[in-house]
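# Structural overview
Now for the letters of each chain:
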There are 2 protein chains.
Amino acid sequence: MSAPRDKGWLTVIGLGPGGPHLTTPAVMNVISEATDLVGYGPYLDRIEGQEPSQRRHASDNRVEVERAGEALRLAAEGRRVAVVSGGDPGVFAMAAAVFEAIEAGDPAWRNIDVRVEPGVTAMLAAAAEVGAPLGGDFCAISLSDNLKSWATITRRLAAAAQADFVIALYNPASRARPHQLGEAFELLRGLKSGDDLVMFVRAAGTKEARVKLTTLAEADAADADMRTVVIIGSSQTRTIDRPDAQPWVYTPRREMVGEGGA
Amino acid sequence: MSAPRDKGWLTVIGLGPGGPHLTTPAVMNVISEATDLVGYGPYLDRIEGQEPSQRRHASDNRVEVERAGEALRLAAEGRRVAVVSGGDPGVFAMAAAVFEAIEAGDPAWRNIDVRVEPGVTAMLAAAAEVGAPLGGDFCAISLSDNLKSWATITRRLAAAAQADFVIALYNPASRARPHQLGEAFELLRGLKSGDDLVMFVRAAGTKEARVKLTTLAEADAADADMRTVVIIGSSQTRTIDRPDAQPWVYTPRREMVGEGGA
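The structure presented is a predicted model; accordingly, all values stated were derived computationally and were not measured.

## Overview of the relation of the copies chain A and chain B
Each copy of the sequence occupies a distinct position, and chain A is placed on chain B by a rotation of 180° and an axial shift of 0.0 Å, giving an RMSD of 0.0 Å. The symmetry that links the two subunits is that of a two-fold axis. Taking C-alpha positions as reference, the residue of chain A nearest the rotation axis is Cys139 of chain A, located at 1.9 Å. The share of interface residues of chain A whose copies in chain B are also at the interface is 100%, consistent with both copies meeting through the same surface.

## A look at the environment of Gln162 of chain A
Summarising the element assignment, Gln162 of chain A is placed in helix H6 (residues 150-163). Sequence-wise, Gln162 of chain A and Pro172 of chain A are 10 residues apart; in three dimensions their C-alpha atoms are separated by 21 Å. Aside from chain neighbours lying at most four places away, what touches Gln162 of chain A is Arg155 and Ala159 of chain B.

## A closer look at the confidence of the model for chain A
Taken over all residues, the pLDDT of chain A has a mean of 92, while the share at 70 or more is 94%. Taken as a whole, residues 256-262 of chain A scores under 50 in pLDDT and shows 13 contacts with residues more than four places along the chain or in a different chain.

## Regarding the packing of H6 of chain A against helix H6 (residues 150-163) of chain B
The N-to-C vectors of H6 of chain A and H6 of chain B enclose an angle of 175°; their axes lie 9 Å apart at closest approach. As summarised for this structure, H6 of chain A and H6 of chain B are arranged roughly antiparallel, according to the angle between their axes. Residues Arg155, Arg156, Ala159, Gln162 and Ala163 of chain A of H6 of chain A form the contact with H6 of chain B, whose participating residues are Arg155, Arg156, Ala159, Gln162 and Ala163 of chain B. Split into classes, the residues belonging to the contact of H6 of chain A with H6 of chain B amount to 4 nonpolar, 2 polar and 4 charged.

## Focus: the sheet that holds strand E13 (residues 245-250) of chain A
Taken in spatial order, the 3 strands make up an open sheet running E6-E13-E12 (chain A), and their pairing is mixed. Edge positions in the sheet fall to strand E6 (131-132) and strand E12 (238-242) of chain A, since each of these pairs with one other strand and no more. Of the strands in this sheet, E6, E12 and E13 of chain A are in contact with helix H4 (residues 94-104) of chain B, which crosses E13 of chain A at around 120°.

## What to know about the packing of aromatic side chains
Describing an aromatic ring pair means giving the distance of the ring centres and the angle of the ring planes. Taken as a whole and judged by the stated rule, the model has 13 aromatic pairs over all chains. Seen from their ring centres, Phe165 of chain A and Phe165 of chain B are 6.4 Å apart, and the 80° between their planes marks the pair as edge-to-face. Highlighted residues: Phe165 of chain A in the loop between H6 and strand E8 (166-170) and Phe165 of chain B in the loop between H6 and strand E8 (166-170), drawn from two different chains. Judged on exposure class, the residue Phe165 of chain A and its partner Phe165 of chain B are both buried. Ring pairs connect the aromatic residues Phe92 and Tyr170 of chain A together with Phe138 of chain B, which therefore count as one cluster.

## Looking at H6 of chain A
The end-to-end C-alpha distance of H6 of chain A, which contains 14 residues, comes to 20 Å, matching closely the 20 Å that a straight helix rising 1.5 Å per residue would cover. Every buried residue of H6 of chain A is accounted for by Thr152, Ile153, Arg156, Leu157, Ala159, Ala160, Ala161 and Ala163 of chain A. Those residues of H6 of chain A that are buried lie in contact with strand E7 (138-142), E8 and helix H7 (180-189) of chain A together with H6 of chain B. Where H6 of chain A terminates, the next one or two residues include Asp164 of chain A, which has phi positive at roughly 55°.

## Quick look at the side chain of Glu129 of chain A
Among the secondary structure elements, Glu129 of chain A is positioned in helix H5 (residues 122-130). Salt bridges are absent for the buried Glu129 of chain A, whose nearest opposite-charge side chain, Arg115 of chain B, sits at 8.8 Å.

## Description of the state of the cysteines
Applying the stated rule across the entire model yields 0 disulfides over all chains. With no disulfide of its own, Cys139 of chain A has Cys139 of chain B as its nearest cysteine by sulfur position, at a separation of 6.8 Å. According to the relative accessible area criterion, Cys139 of chain A is buried, its value standing at 0%.

## What about the sheet that holds strand E9 (residues 197-202) of chain B?
The strand order across the open sheet formed by 10 strands is E10(A)-E9(A)-E11(A)-E8(A)-E7(A)-E7(B)-E8(B)-E11(B)-E9(B)-E10(B), and the pairing between neighbours is mixed. At either end of the open sheet lies a strand with only one pairing partner, and these are strand E10 (210-215) of chain A together with strand E10 (210-215) of chain B. Adjacent strand axes in the sheet meet at a mean angle of 15°, parallel and antiparallel pairs treated alike. With 5 bridges connecting them, strand E7 (residues 138-142) of chain B and E8 of chain B associate as parallel partners.

## Observations concerning the interface of chain A and chain B
Counting residues at the interface gives 84 residues for chain A and 84 residues for chain B. Counting the surface chain A buries against chain B, the share from its top three residues, Asp137, Leu147 and Arg253 of chain A, is 11%. Summed over the shared surface of chain A and chain B, the result is 12 salt bridges. At the boundary of chain A with chain B, the tally comes to 28 residue pairs in polar contact (both at pLDDT 80 or more). Looking at the side of chain A that touches chain B, the element that brings in the most residues is helix H4 (residues 94-104) of chain A, giving 7 residues. Here the residues of the side of chain A that touches chain B sort into 40 nonpolar, 23 polar and 21 charged. As judged from the 3 bridges shared by E7 of chain A and E7 of chain B, these two strands associate in the antiparallel manner. Along E7 of chain B, the bridge assignment pairs Cys139 of chain A with Cys139 of chain B.

Each value, and the rule that gives it
- Residues numbered from 1 in each chain as written.
- Chains lettered and ligands numbered in written order.
- Predicted model: local features only at pLDDT ≥ 70, side-chain atom pairs only at ≥ 80, totals over all residues.
- Heavy atoms only, no water.
- Least-squares fit on C-alpha atoms with pLDDT ≥ 70 in both.
- Contact = heavy atoms within 4.5 Å.
- Helix = DSSP H or I, 4+ residues; strand = E, 2+ residues; numbered from the N terminus.
- pLDDT = per-residue confidence, 0-100.
- Axes fitted to C-alpha atoms, helices over the stretch in contact; angles between N-to-C directions.
- Parallel < 35°, antiparallel > 145°, perpendicular 65-115°, else oblique.
- Nonpolar A, V, L, I, M, F, W, Y, C, P; charged D, E, K, R; others polar.
- Pairing = 2+ DSSP bridges.
- Phe/Tyr/Trp six-rings, centres within 6.5 Å; stacked < 30°, edge-to-face > 60°.
- Buried < 20%, exposed > 50% of the residue type's maximum accessible area, 1.4 Å probe, protein only.
- Expected span 1.5 Å × (residues − 1).
- Lys, Arg positive; Asp, Glu negative; His and termini not counted.
- Salt bridge = Lys/Arg side-chain N within 4 Å of Asp/Glu carboxyl O.
- Disulfide = S-S within 2.5 Å.
- Buried area = accessible area lost by both parts, 1.4 Å probe.
- Polar contact = N/O pair within 3.5 Å; in protein donor to acceptor, adjacent residues only side chain to side chain.

Pasting the structure below:
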């Protein structure tokens, strides 16, 4: 975890899903010690109080392996490099891209002190906005088929329904992929009850957070965009109505009513 | 997220898996504003710099619903109450217990300003200790059958193998449940390759963090205890050997070798 580092290094960090109130002190510490910040421009823009001597290397979000390679070259030269993700860097983000680049790249890169600093991933902040829908067993699936086949995605959705997992969908929609979420809902309607709850949570963890609560039968894929996490409840996920406010949504830890402990 | 709160309230917080370096500023802020801290004793002990006027309500870890009820009574009386979990409060922790207590309890509790503040859940810190094993689609399953049947757990393990999810196992073993992890490995050996990677990560996110990397064929349930998260790789999860150090483990974002972006 915290062994001293006296030459070039690379740490992949996650800023969390929202503002700095969800960024861990460990991540802030990496940022303060880094000579170079590498990442998708909008994530770098979220970092305040940068040292004037610190170099930024911003890129767009479709060149992860190239960006990782650049970061590794800098670290190999002795620079202290933070590779910046949103959320948690290990969940559908830059950490895997860095290891892909290491495996395919210069063998000398295996000598670099590479670390990963965890963060609050988007589905946790999304869940917190509505209550505790991830209170039972759950799975996380990226709907993007840029890197895996749609057949793999549908196989996983079907297995998740069979397992009665709560399902968190990352990357539910983008301009280039407008139809997949609708197809996912259609598939799940054949395998789960239409009464199962669906939550569209946009910009979780920020002041602009917005929640739409509906059912699988009524869910409309048009309610998701790139900043949305979609959470689909298990058969156990339920609402608690309350006066003058949106219902809370949670998944009980137990399957049946009764008493016990965990 | 941050609307003002002018009467009693209850916020369920997660301290993260390790020391204060993994606790978010939002959670520290809730702690500083709370009049009452309610939680499992060892979690409360992790909170430093407590105000003398702040009241602690420590309990053991088998009375979650009672503890939640006590917290709700305090909030209904006008106190500002933080219910303290480790990790993320929505993942196998106190948030669901609070909502269970609300649903079954005094209808007036539905008027309480109840919020959840997310945190870094244990599997994210465990993954970061070894590389990026959660880089693909994954699921999280609690092996505790205190609150659900073992049949439900085995059904979920089988579906997870069928989906080729990376599997994070919470609560893999305790003194009261020493045999379940061995049974889970045995089941998975019938459904997955014996070469699939298994990581035992103990005390992730702390200076005492310890990793044991093995394969499903060789995995020994005796290597897990209550502080361990077990991560079982998908068919795609792989190692990168490096000189004089434990291999990195990661799951590529793509299924096949090739180039692309996400």
